[in-house]
Amino acid sequence: MYFKELVSLFDELCAYSSRLKKAEIIAGFLTGASEDDIEIVCTFLTGRIFPAWDTRDIGVAGKTLVKVIANISGKSSGEVVESYRDTGHLGITAERFLGKKVAMSLAAFEEPLTVADLYRCFEELAAATGKGSAQKKQRMLSSLLSRATPREAYYVVSLATRNLLTGSKEGVTEDAIAQSFSVPADAVRRAWMLANDIGLVARIAKTQGLPGLQALNIEPMRPVRPMLAQNVAGATEALDVIGGRAAFETKYDGARIQVHKSGPKIKLFSRKMEDLTEALPDIRAAVNESVRADSLILDCEAIAVDKGTGKVIPFQNVLNRIRRKYRVRELSDQIPMQLRPFDILYLDGESLVDRPFVERRALLEKTVVPVDKRCTPSEFKILDDSEAVAAFFRQSIDAGNEGLMAKNLDADYSPGIRGRNMVKLKETLESLDLVVIAAEYGHGRKAGWITSYELAARDEDNEQWVPVGRVSSGVSDEQLRALTEQIKPLIIGEHGRMVDLEPQIVLEVKFNEIQKSPNYASGFALRFPRIVRIRDDKGPDDAETLERIDALYRLQFKLREPTPT
DNA sequence: GTGGTGCGTATCC
DNA sequence: ATCCGACTAATTCGG
DNA sequence: CCGAATTAGTCGGATGGATACGCACCAC
């Protein structure tokens, strides 16, 4: 299949906003495609280059592509970035800058790019490592883009930056596969959750139909898509959503870990199916000691604890451990981690994903028999009273955790779905009024607007503004437009996509936690910042002080000591 | 060459 | 992670 | 009772912070 055929499909998808229409278009397209092409096309359609379980990555993103585009168009990087600021999409910039070169490059390469060619290029990019590889990748991209037509270049860059904006991803592609090969959407979804590979699912749907999809089964050592949860505002709403009575569990502030055991072998996978086994020997050992089963799959949270006190320590410590390749032993001594299994998906040859949650929980408790706190099932209570829920919530927060999870006792394990069978309850903190001292232009749909704001607090010691992070989400498009207009006259400097501003605009910002920051001059940053409202009624003099933020930071640790490394 | 530092990228939340 | 916007599915409203 | 209006649920997209790793580059 020629890449230009896929380009036409992408273009057609962009022309409609209806997801149903997009699915229909994709379905038609897949019908005529070969088995091999379908696999690549479906993966590309979801905006990915490789399947989710495939840990390869191309090691190329915006900065590299800016250089490459500059290189082949004969412009400077500065000019490319300037265009990028206006277009909000590197692909569009590539399309524009390469437009003039097209006649020449097409003459040089008569044979147009195929989908398989492109995939092979991505594979080669992923394979390039070692000294000189960065240069090599740039050369490879240059030759790839020179072979492409401008419109093809747009999509090559879109794929390479994982920013394919066709308004269709997994959800739509899933429907399209079902439609195209006349299999139920549920079967496609199930197969996708198990295989983690939409391309493979499409291939099986085409070649083997429904029986092929049904033959896929959950099995240890092959990660499945984790079930996700939606946020809920309070104890009452949590009970409401689930239906009056629910299972409540401590929500730990760690990393999601899927434990797979098959005989003596144990593997650990992250939420995105990265293999974390080598980085977490302590977790592996704890599982080994606490699990009474020959084979199983556990859904867990892994937390970091203080070596001395055994108390939960901040999430940043988890990041020191996870995905580590070097000094693993040293760090695992310094920052021990513990496992909190909360679900079991497979046990001794049997899939449990279709069983009700209560049953799974019972099996979990029977199977995970803690020898100490290193591997012990999550705290668990069945409650139907909002007072009791609130008390449990308080207890969780006070112990340094994130809050609670609430789960429907009768629900099966439905991966990838943020439904009403599982919700999360987190703490809502007070908000802060902070001053915008710099900002950045937006991307994609928000191109041309100034959409990301650097926030500062007042340092009363020397009357300076000290940055405490950035914020973007929380405002409507309309407010974004207004803010852009408000900001433009305040611009006092420009570099690349960033602008420096006269400190004047005050934003009320909500967040979940104050973190120690190595990146911001204040030494602090907000975790999960979002805008509550634009304080037109306030001026920079009304902004929070650094001292206050410092105090708030310390307040968080009334009950636990931070030990960042 | 070796070691430190900075940049870019990817992935945890 | 958070949040918004658009679309779609489910439910309620009004004649 | 049915179609219109309203509400609820999903998906896609745009954005936040920290950290580890791999590579480039510079100082010695």
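Note that this is a predicted model, so its numbers are computed, not measured.

Caption draft 1: View of helix α5 (residues 77–87). Among all positions of α5, only Val80, Ser83, Tyr84, Arg85 and Thr87 are buried. Looking one or two residues past α5, Gly88 carries a phi angle of roughly 75 degrees, positive in sign.

Caption draft 2: Region of the structure containing the protein's contact with DNA strand B. Neighbouring DNA strand B are 20 residues, the closest being Thr64, Arg162, Arg256, Ser270 and Glu274. Sugar plus phosphate, as a fraction of atoms of DNA strand B within 4 Å of the protein: 93%. Separating a phosphate oxygen of DNA strand B from a side-chain N or O atom of Ser270 is a distance of 2.8 Å. Elements with a minimum of two residues in the surface near DNA strand B: α4 (62–73), β3 (255–262) and α16 (315–321).

Caption draft 3: Highlighting the protein's contact with DNA strand C. Taken together, 16 residues form the shell around DNA strand C, and within it Ser17, Ser18, Arg271, Asp477 and Arg530 come nearest. Each atom of DNA strand C within 4 Å of the protein was classed as base or backbone; sugar and phosphate made up 95%. In the model, a phosphate oxygen of DNA strand C is placed 3.3 Å from a nitrogen or oxygen of the Lys424 side chain. Within the contact set of DNA strand C, a sugar or linking oxygen lies 3.5 Å away from a side-chain nitrogen or oxygen of Ser473. Of all the secondary structure elements, the ones that give two or more residues to the surface near DNA strand C are α2 (19–31) and β10 (418–426).

Caption draft 4: Summary view of the sheet that holds strand β4 (residues 265–269). Here five strands make up an open sheet; going across it, the order is β4-β3-β5-β6-β7 and the pairing antiparallel. Taken across any chain shown, the strands that pair with only one partner, and hence form the sheet edges, are β4 and β7 (350–351). Sheet topology note: the β3/strand β5 (residues 295–304) ladder contains eight bridges and is antiparallel. When the bridges of β5 are listed, Arg256 appears paired with Glu301. Strand contacts of helix α18 (residues 357–367): β5 and β6 (337–347), with the helix running at about 125 degrees to β6, the strand carrying the most contacts.

Caption draft 5: Structural detail: the environment of Arg470. Structurally, the position occupied by Arg470 is in strand β13 (residues 464–471). Remark: the alpha-carbon pair of Arg470 and Arg530, spanning 60 residues in sequence, is separated by 9.0 Å. In this view, Arg470 contacts Glu440, Ser452, Tyr453, Glu454, Leu455, Met498, Tyr520 and Pro529; residues no more than four positions away in its chain are not counted. At 2.6 Å, the side chain of Arg470 forms a polar contact with the side chain of Glu440.

Caption draft 6: Examining the confidence of the model for chain A more closely. Of the residues in chain A, 96% reach a pLDDT of 70 or more, and the chain-wide mean stands at 95. Among the prediction metrics, the complex's ipTM stands at 0.95, with pTM recorded as 0.95.

Caption draft 7: Molecular detail of the side chain of Ser517. Secondary-structure assignment places Ser517 in the loop between β17 (513–516) and β18 (524–527). Of the residues examined, Ser517 reaches a relative accessible area of 13% and is grouped as buried. Separated by 3.0 Å, the side chain of Ser517 and the backbone nitrogen of Asn519 make a polar contact.

Caption draft 8: Structural view of the packing of helix α11 (residues 170–180) against helix α12 (residues 185–195). Viewed as axis vectors pointing N to C, α11 and α12 meet at an angle of 125 degrees, and their least axial separation amounts to 8 Å. One element, α11, and the other, α12, form an angle in the oblique class. As α11 packs across α12, the resulting crossing turns out to be right-handed. Along its contact with α11, which presents Glu170, Glu174, Asp175, Ile177 and Ala178, the element α12 presents Ala185, Val188, Arg189 and Trp192.

Caption draft 9: Molecular detail of the packing of aromatic side chains. Within the structure shown, the criterion is met by seven aromatic pairs. Relative to Tyr119, the ring of Phe44 has its centre 6.4 Å away and its plane inclined at 50 degrees; by these criteria the two rings are tilted. Here Phe44, found in helix α3 (residues 35–45), pairs with Tyr119, found in helix α8 (residues 115–127); they are 75 residues apart in sequence, far enough to count as distant. No difference in accessibility class separates Phe44 from Tyr119, as the two residues are buried. With centroids separated by 4.7 Å and ring planes inclined at 70 degrees, the aromatic side chains of Tyr154 and Tyr155 adopt a geometry described as edge-to-face. Across this residue pair, the class does not change: Tyr154 and Tyr155 are buried. Linked through ring pairs, Phe44, Phe50, Tyr119 and Phe122 together constitute an aromatic cluster. When the ring centre of Tyr2 is taken as origin, the NZ or CZ atom of Lys4, which lies over that ring, is 5.6 Å away. The ring of Tyr441 is capped by Arg85, whose NZ or CZ atom sits 5.8 Å from the centre of that ring.

About the cut-offs
- Residues numbered from 1 in each chain as written.
- Chains lettered and ligands numbered in written order.
- Predicted model: local features only at pLDDT ≥ 70, side-chain atom pairs only at ≥ 80, totals over all residues.
- Heavy atoms only, no water.
- Buried < 20%, exposed > 50% of the residue type's maximum accessible area, 1.4 Å probe, protein only.
- Helix = DSSP H or I, 4+ residues; strand = E, 2+ residues; numbered from the N terminus.
- Near = heavy atom within 4 Å.
- Polar contact = N/O pair within 3.5 Å; in protein donor to acceptor, adjacent residues only side chain to side chain.
- Pairing = 2+ DSSP bridges.
- Contact = heavy atoms within 4.5 Å.
- Axes fitted to C-alpha atoms, helices over the stretch in contact; angles between N-to-C directions.
- pLDDT = per-residue confidence, 0-100.
- Parallel < 35°, antiparallel > 145°, perpendicular 65-115°, else oblique.
- Left-handed = near helix turned anticlockwise from the far one by under 90°.
- Phe/Tyr/Trp six-rings, centres within 6.5 Å; stacked < 30°, edge-to-face > 60°.
- Lys NZ or Arg CZ within 6 Å of the ring centre and 35° of its normal.

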